[in-house]
Amino acid sequence: MEWMTGALCARADPDLFFAVGTAGPTLREELAAKRICVRCPVLRPCLAWALDSGQAHGVWGGTNAEERAALRRRRGPGAPRAPLSTAAH
Ligand code: SF4
């Protein structure tokens, strides 16, 4: 995973990317993580990896677990990897 060398989150508070809970401070932390992701030069490979590896927790590639689940449903099982039009910001 060579792309990880460009990860902006490597210099950020990991708690932002793996906040626990579903409301209040957790949502603010998730939003802060996503704001880092949108500036990250490796957002696309990060999101592709998170989708392919089934990451079920945390913010990866500017998405939370629910958003990735929705993207996987849209892609369908066994679908070939395709450019993710929703990943570009
Ligand atoms: S897109 Fe977000 S989670 Fe992925 S490497 Fe960049 S900062 Fe980290």
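Use the structure listed above.
Rules used in this analysis
Residues numbered from 1 in each chain as written. Predicted model: local features only at pLDDT ≥ 70, side-chain atom pairs only at ≥ 80, totals over all residues. Heavy atoms only, no water. Helix = DSSP H or I, 4+ residues; strand = E, 2+ residues; numbered from the N terminus. Buried < 20%, exposed > 50% of the residue type's maximum accessible area, 1.4 Å probe, protein only. Near = heavy atom within 4 Å. Nonpolar A, V, L, I, M, F, W, Y, C, P; charged D, E, K, R; others polar. Contact = heavy atoms within 4.5 Å.

Engineer: Before we go on, may I ask you to explain the overall build of the protein in this structure?
Structural biologist: The helix and strand inventory of the protein stands at 4 helices and 0 strands. Put simply, the protein runs from its N terminus to its C terminus through helices and strands in the order α-α-α-α. Per-residue burial for the protein yields a buried fraction of 34% across its 89 residues.

Engineer: Looking at this structure, I do not really get the site of the ligand. What am I missing?
Structural biologist: Around the ligand, 13 residues are found, and the nearest of them are Ala7, Cys9, Cys37, Cys40 and Cys46. Only helix H2 (25-37) and helix H3 (43-53) provide two or more residues apiece to the shell around the ligand. By residue class, the composition of the shell around the ligand is 12 nonpolar, 1 polar and no charged.

Engineer: What is the right way to read H3 from this model?
Structural biologist: One full turn of an α-helix is made of 3.6 residues, so residues set three or four places apart face in the same direction. Among the residues of H3, those classed as buried are Leu43, Cys46, Leu47, Ala48, Ala50 and Leu51. Looking at the buried positions of H3, the neighbouring elements they touch are H2 and helix H4 (65-75). Gly54 sits one or two positions beyond H3 and adopts a positive phi of about 70 degrees.

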